[in-house]
Amino acid sequence: MLTQALLIALLAGLAGIDLYVGLTHFHRPVVLGGLVGLIMGDFTTGLITGGTLELIWMGMVPLAGAQPPNVVIGGIIGTAFAIITRQDPKTAVGIAIPFAIAVQGLITLLFTLFSPMMQKVDAFAKAGNYKGIEKINYFGATNYFLVSAIVAFLPIYFGSGAASHIVSAVPQWVLSGLSVAGGIMPAIGFAILLKIMLKKEYIMFFIVGFVLVAYLNMTTLAIALIGLAIALYDYHVNKNKTENYKNIANGDEMADGI
Amino acid sequence: MASNVPYTFENQTEAAGLSRHELNILAFRSLMLQASFNYERMQAAGWLYSIIPALRKIHKNKHDFNRSLQDHSEFFNTHPFLVTFIIGVVLAMEEKKMSRDAIRAIKIALMGPLGGIGDALFFLTLLPITAGIGASLAVQGNIAGPIVFLLAFNVVHFGAVFGLIHVGYGTGVKAVTKLKASMKYISRGASIVGLTVVGGLIAAFVNFKITYVWSMGKTNIKVQEGILDKIMPAMIPLAYTLLMYWLLKKGWSPIWLIVTTVVIGLLGALSGVM
């Protein structure tokens with residue numbers, strides 16, 4: 001178990017860095033799921049759990065410095081526990097959420113505690129010490145690694161046995177309740193997206209996308225292509241309108257001038 | 001702050017241009033943009049990290065170099081995939097020894113809009129689409145899921161990071177007006193695609209079903225299939241998402257929405273309704 005916990009910690013640490021530095025997005029559950037599966041010895045379950053968790057975390061991306069429940073820990077702990085306890089992925093989300101929220105809190109704390117470091121950056125800048133500034137950045141990236149690695153290590157190493165014990169003692173309705181909640185939870189991610197994106201003038205496109213899937217069961221790529229087609233049409237119509245408007249406006253000016 | 005005192009470069013000679021290779025190194029370093037993220041100045045030190053090699057090349061005069069380091073440690077925050085465009089523009093200006101004020105103004109004028117556009121383009125459009133496609137393969141146990149996601153996402157990601165530094169540098173100051181003109185169209189188009197996709201994703205992936213069966217004498221009516229789906233498929237997922245949206249706008253934090261959802265799930269399972 002120690003080897004597995006250390007490998008999970010390493011994976012979590014690297015993914016914790018990627019969440020802010022590099023941003024290849026291998027830190028998303030859809031990728032981490034399979035990797036955790038490889039470490040825990042059940043690739044397929046890991047892959048499927050990762051896919052399920054991905055949908056739940058879909059809207060939870062760090063925008064403008066606001067921290068959602070940590071996707072790295074959510075993906076890794078969720079998948080690992082789904083494999084250890086042989087639970088449905090949607091139930092595993094319920095187990096992962098407290099850890100994901102804990103890391104979210106730690107990252108917020110880290111961003112606050114790192115503020116005083118800027119005084120050091122100022123001093124280095126004044127002295128022309130660019131190497132010092134580089135070191136501060138390496139130090140910051142190291143912190144991301146440590147926070148994620150430690151929080152991922154603890155429940156896997158100390159809690160896995162206890163966790164499967166707890167799960168077998170929990171009444172069935174709690175498990176199926178967590179599973180139901182896990183199925184609903186993508187709604188929160190989508191609501192966060194809507195809060196940022198939805199303006200009155202765009203509601204129609206939202207309706208189109210919904211209807212195409214609800215009634216016609218189209219795939220995501222098909223919806224994206226239809227959205228693109230609408231966007232291109234909209235672009236050309238608007239462009240022509242602006243040009244026509246400009247022409248008319250120019251014409252008026254000339255008429256006034258004469 | 002020292003920046004209140006106007007500063008002109010001691011060495012006013014234009015520096016030699018940056019090579020493609022040097023620009024690519026800066027683009028690579030920009031991956032560290034958020035390494036030292038903090039609430040006080042956000043990406044400032046990461047921004048500084050990205051451009052250090054270019055500043056060293058441009059400002060051989062020690063005072064000019066130190067001064068430039070200080071200016072670029074001011075507050076900075078933009079989208080990490082589009083930052084290289086700003087790097088390109090700003091370094092073109094540093095190289096031409098334009099005034100400190102002009103450089104700062106351009107930096108600030110670009111970082112806000114590009115931050116918003118980047119979020120709309122990458123985190124609200126590219127990510128949901130590629131991750132949605134990847135996840136729908138992964139839930140079927142198909143290994144192509146994560147691979148397709150990583151490839152599709154990063155082709156665009158690194159294409160933007162390594163492409164835009166050359167675009168930004170090449171067009172220099174001229175790029176600012178050029179971008180401002182098309183900014184409106186880019187963000188409108190991205191919003192249209194993004195919202196169409198989100199509308200579809202809600203119907204596809206929010207799994208909220210009533211399992212309750214209504215018994216009246218000998219007739220059993222399945223509430224979900226018999227009534228709700230007849231009115232409109234995916235009606236409850238849509239309604240619940242809009243409720244979450246409304247609560248978010250009311251100022252609820254996502255964490256409370258998660259807690260509420262878990263409670264609803266538990267109550268639903270306990271009562272046998274869901």
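Just above, that's the structure.
Residues numbered from 1 in each chain as written. Chains lettered and ligands numbered in written order. Predicted model: local features only at pLDDT ≥ 70, side-chain atom pairs only at ≥ 80, totals over all residues. Heavy atoms only, no water.

Any chance you could explain the nonpolar core here in plain terms?
Nonpolar side chains tend to gather and get buried jointly when the protein is soluble and globular. Of all hydrophobic cores here, the largest spans 158 residues; its most connected members are Met185 and Phe190 of chain A together with Trp47 and Leu91 of chain B. At 15 residues, helix 5 (residues 100–138) of chain B tops the list of elements feeding residues into this core. With sequence-adjacent residues up to four places away left out, Phe190 of chain A is seen in contact with Met58 of chain A together with Val198, Leu201, Ile202, Phe205, Val206 and Thr241 of chain B. (Core = buried A, V, L, I, M, F, W, Y, C linked by side-chain atoms within 4.5 Å. Buried < 20%, exposed > 50% of the residue type's maximum accessible area, 1.4 Å probe, protein only. Helix = DSSP H or I, 4+ residues; strand = E, 2+ residues; numbered from the N terminus. Contact = heavy atoms within 4.5 Å.)

Please explain the pattern of salt bridges as it appears in this structure.
Where charged atoms of side chains with opposite charge meet at close range, the side chains can pair. One pass over the structure, following the stated rule, counts 7 salt bridges over all chains. Shared partners join several salt bridges into a network, and the residues in it are Glu14, Glu95 and Lys96 of chain B. (Salt bridge = Lys/Arg side-chain N within 4 Å of Asp/Glu carboxyl O.)

How should the interface of chain B and chain A be read in this particular structure?
As a measure of interface size, the accessible area lost when the parts come together is often cited. Counting residues at the interface gives 93 residues for chain B, matched by 97 residues for chain A. Together, Tyr39, Arg188 and Leu195 of chain B form the three largest contributors to the area buried by chain B at its contact with chain A, with a combined 8%. Summed over the shared surface of chain B and chain A, the result is 1 salt bridge. Ionic pairing is found between Glu134 of chain A and Arg29 of chain B, a salt bridge with its closest N-O pair at 2.6 Å. Seen at the junction of chain B and chain A, the total is 12 residue pairs in polar contact (both at pLDDT 80 or more). Taken together, the elements giving at least two residues each to the side of chain B that touches chain A come down to helix 2 (44–58), helix 3 (62–71), helix 5, helix 6 (144–171), helix 7 (174–205), helix 9 (235–249) and helix 10 (254–271) of chain B. (Buried area = accessible area lost by both parts, 1.4 Å probe. Polar contact = N/O pair within 3.5 Å; in protein donor to acceptor, adjacent residues only side chain to side chain.)

Hey, could you run me through the side chain of Ser50 of chain B in this one?
Residue and element names in this part refer to chain B. Residue placement: Ser50 occurs in helix 2. A distance of 2.8 Å separates the side chain of Ser50 from the backbone oxygen of Gly46, its partner in a polar contact. Those residues in contact with Ser50 that sit more than four places away from it in its chain are Leu26, Arg29, Ser30 and Ile87.

Looking at this structure, I do not really get the pairing of strand 1 (residues 213–216) of chain B. What am I missing?
One face of the sheet, then the other: side chains in a regular strand alternate in exactly this way. Residues and elements named next belong to chain B. Taken together, the 4 bridges between strand 1 and strand 2 (residues 219–222) define a ladder with antiparallel strand orientation. Across the sheet, residue Val213 finds its bridge partner in strand 2, namely Lys222. Linking strand 1 back to strand 2 in an antiparallel pair, the connection comprises 2 residues, with Gly217 at a positive phi of about 60°. (Pairing = 2+ DSSP bridges.)

How should I be thinking about a nonpolar patch on the surface in this particular structure?
All names here are of chain A. A contiguous nonpolar surface patch, about 770 Å² in accessible area, is contributed by Met1, Leu2, Leu6, Leu146, Ile150, Leu154, Tyr157 and Phe158. Elements with a minimum of two residues in the nonpolar patch: helix 1 (2–18) and helix 7 (130–169). It is helix 7 that provides the largest number of residues to the nonpolar patch, a total of 5 residues. Relative to the helices and strands, Ile150 is located in helix 7. (Patch = residues over 30% accessible without salt bridge, like charges linked within 9 Å, V, L, I, M, F, W, Y side chains within 5 Å. Areas by Shrake-Rupley, 256 points an atom, 1.4 Å probe, with all protein chains shown as cover.)

Is there a simple way to explain the packing of aromatic side chains in this structure?
The geometry of an aromatic ring pair comes down to the distance between the two centres and the angle between the two planes. Using the criterion set out here, one finds 16 aromatic pairs over all chains in the structure. On the numbers, 6.4 Å between centres and 85° between planes, the contact of Phe111 of chain A with Tyr144 of chain A is edge-to-face. Of this pair, Phe111 of chain A sits in helix 5 (residues 89–113) while Tyr144 of chain A sits in helix 7, placing them 33 residues apart in sequence. Taken as a pair, Phe111 of chain A and Tyr144 of chain A share a single burial class, namely buried. Chaining the aromatic ring pairs together yields one cluster made of Phe81, Phe122, Phe123, Phe149 and Phe153 of chain B. (Phe/Tyr/Trp six-rings, centres within 6.5 Å; stacked < 30°, edge-to-face > 60°.)

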